[in-house]
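# Coordinate analysis (summary)
So the chains spell out like this:
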Amino acid sequence: MRSLAGFLAALGLALLIALVTIRPPSPVSDEAPASDFSAERAMVDVRQIGHVVHPTGSPENDQVRETLHRRMLQLGLQVSTQTADGIYSRTAGAISGGRITNLVGVLPGEDPAAPAVMLMSHYDSAIGSPGAADDAAGVAASLEAVRVLLAQGAPRRRDLIVLITDGEEMGLLGAEAFFREHPLRTRVGVVVNLETRGAAGRAFMFETGRNNGAMMDLYARAVSEPSSTSLAAFLYSILPNDTDFSHPRDQGLPGFNIAFIGEPFFYHSANSTPDNLDQGSLQHMGSQALDLTRALLTANQLPPPRDNAIFSDVFGQFTVAYPAWVGWIIIALTGLVLAGLIIRSEPRGQTLRVAAIGAVAGLAMIGVCGLFGQGLLWLTGSPTDFIMNRPLLGRLDIFEIAMIAACVGGVFLVSAALLRGRPGLYRPHEAPALGLLALGWLLALTLQILAPEAAILAAWPTLFGVIALLAARRLGDLAWPIAFGVGVVGSAWAIGLTHGVFLGVGATMPAIPAALALVAILPLAPLLAAAVRGRLGAALGLAFLIAALAAGLWLRMAPAATPERPLPTLALYVVDSADGSARLASLPAMTDPWTNSLFDRAGGHPREVRIPGLGQTLWRTAPAPPVAFAPPQLSIISLPDGRVQISAADTSARDLRLTVVSSQPLADITVQGRSLDAPAPGTPLSLRWADPDPGFQLVLRAPAGAVLQWAAYHDGWPDDAQPLPRRSDDLAPFAASDSLVVTGEVPLTPPG
């Protein structure tokens, strides 16, 4: 009983330590000394920026820009604007563009010839969201950091450039324009970018530039409240995600990308308001940005390129960073200790057989916990798309607790089935722990070979587990307390690491963080092997699993929406410019009473169709009365070289989307004179242009039979349409909802 109780106590204490250390620091009051970063002071700017929806090209965005321009001048920055056409295509054939206006502030340093430090954020919001977190928080943290630097009066060896971009939400347009053509782009030596994908949690430094070894040494020295791992940087590098930092990174500039991602429900939602922003998260983001910026500004020389480092913060207190080759030393020492423990075990043959069963048990834990995690998502009934999984995102903390219970249950059930009663264990439980740790060592070795930045995921927990097991072999009566203490520390660190992975992908792919339950168990392997001798292990496993099932069922049956976390709704008034016919459109999955009432009053039977110009999405539609509309101004001209020139403008639309559909390859594509890659044969070419009032040109070589489709999005429901019903407090418009969309379709080239 002592062994089982000890394991549960160690696991519970590790969870408690992890819970405490993953929380952001408390916000600093606006009464703090002027030399301190204060989230309460920064909130003044957040409220100025994030009180109203302000996407690129909107009058509200113009007002936010004017407010920020005055604020930057008040701080003493030399301020200018950059107006340009930003164009970005991450995937061939999918193009974003638009007219943007960046704000550029300069705080001169002692040496104007020295490479400058850039502090970057963006001021535009996503459509339908006031963006108090994304990215008013980043802008406010930048401005507060500048204020503190000036208040401290520290010498600045180099210039500070404060870039506040426009058009990030439309496709990183402002950053693209700056790093393509602004005169100051050649002066930039390092970038600190501030972003968010939520409204709470610790601010992670989740991405660096290439060859980050020396830069991470600076981060480790400078940042007093760090939060970062090379695992996060590696995972982000293989995900299809981008921020403004992508442009300087791809040009080879070093830097740091910082964001908080807790409370993802508020990401791009109408409820991303200043009141829903965690000020502790703002404090943590700003303090890291300030520490880094100050260290970079005062450095005699910026850190030179050096091979990527392996790094992690330790409970938010300090950062450990070392070259990749040190990882080989850790793995070698861990392997030697494991080999020594196996060699000195008696009887050795029996120990090896039971250790093999322990390794199999570890693999089973990975599979069973992953299966339980994915099954739990299925049990909640939550979809995995960005819009419709909002109810789960609003209760992600409960889902994570259920996941932990499911994983603990899985560990106990697997251990009871495979490890209980096995002979050959040291006093008498060593061999299964050896097997579990040998599996962890093999995982660490594999990662060290394939992705050294990610090797800490298994290398550190295995190291802690091996130290605990070695203590048990050598320290006699002190064995259990030492194994307990070492195991708790290692498991708490691993749980914190897994929590970050859960925030990143857990709402859509919970099998991944659930499978990582093994790494949290590895430091406790000596305690686990002893804990499952009796029959209580299986009973406890079932109890934890039942608790997880109960939480999953509660998530399924609980009200989908509350006034604090409303359900998203999306309603469009779509007009066909060819004949003036109109229809209501929403997503088929939206079956809430408000959306249903909207379609009920339209009469008829809703149909699910694809609408030309609105992509491949299926829309739930119903006929609607015609309304007044103004189509975009389109001109299609055949050029002497055989290409087709499409000139488009719309003085009243928020954004204009063009789609060229052809079964044959498209080629020689330019937008505003800039060459872009063609999509794969048969794949449509899509171009989304923000603020199309000035107009733009798309030129391409299109085969016979190509078709041009368009969709112009206008803010607001048509004035001459029947007004939208009032939404209850537990419903909110999402993204482009409540917009008039004018669509059309014409042949681009004659049939062959």
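Calculation criteria
- Residues numbered from 1 in each chain as written.
- Predicted model: local features only at pLDDT ≥ 70, side-chain atom pairs only at ≥ 80, totals over all residues.
- Heavy atoms only, no water.
- Pairing = 2+ DSSP bridges.
- Helix = DSSP H or I, 4+ residues; strand = E, 2+ residues; numbered from the N terminus.
- Axes fitted to C-alpha atoms, helices over the stretch in contact; angles between N-to-C directions.
- Disulfide = S-S within 2.5 Å.
- Parallel < 35°, antiparallel > 145°, perpendicular 65-115°, else oblique.
- Left-handed = near helix turned anticlockwise from the far one by under 90°.
- Contact = heavy atoms within 4.5 Å.

## Examining the sheet that holds strand S15 (residues 633-638)
With antiparallel pairing, five strands are arranged side by side in an open sheet as S15-S16-S21-S18-S19. A strand with exactly one partner marks an edge of an open sheet, and here the two such strands are S15 and strand S19 (674-676). The average angle at which neighbouring strand axes cross in this sheet is 20°, direction not considered. Here strand S16 (residues 644-649) runs beside strand S21 (residues 696-701); their pairing, made up of five bridges, is antiparallel. Each bridged residue has a counterpart across the sheet, and for Gln645 the counterpart in S21 is Val699.

## Brief notes about the state of the cysteines
What the rule picks out here adds up to zero disulfides. There is no disulfide at Cys369, and the cysteine sulfur nearest it, in Cys407, is 4.4 Å away.

## Quick look at the packing of helix H3 (residues 59-75) against helix H4 (residues 136-152)
Where H3 meets H4, the axes come as close as 10 Å, and the angle between the chain directions of the two elements is 15°. With respect to H4, the axis of H3 lies roughly parallel. The way H3 lies across H4 gives a crossing that is left-handed. Each of Leu68, Arg71, Met72 and Leu75 in H3 lies in contact with H4, whose residues at this interface are Val139, Leu143, Val146, Arg147 and Leu150.

## Some words on unusual backbone geometry
Geometrically, the link from Asp134 to Asp135 is a cis peptide bond, its omega value of 5° lying close to zero. If you trace the backbone, Asp135 turns up in the loop between strand S3 (116-122) and H4. Of note in the backbone geometry, Asp668 takes a positive phi value of approximately 50° without being a glycine. With respect to the helices, strands and loops of the structure, Asp668 is situated in strand S18 (residues 667-671).

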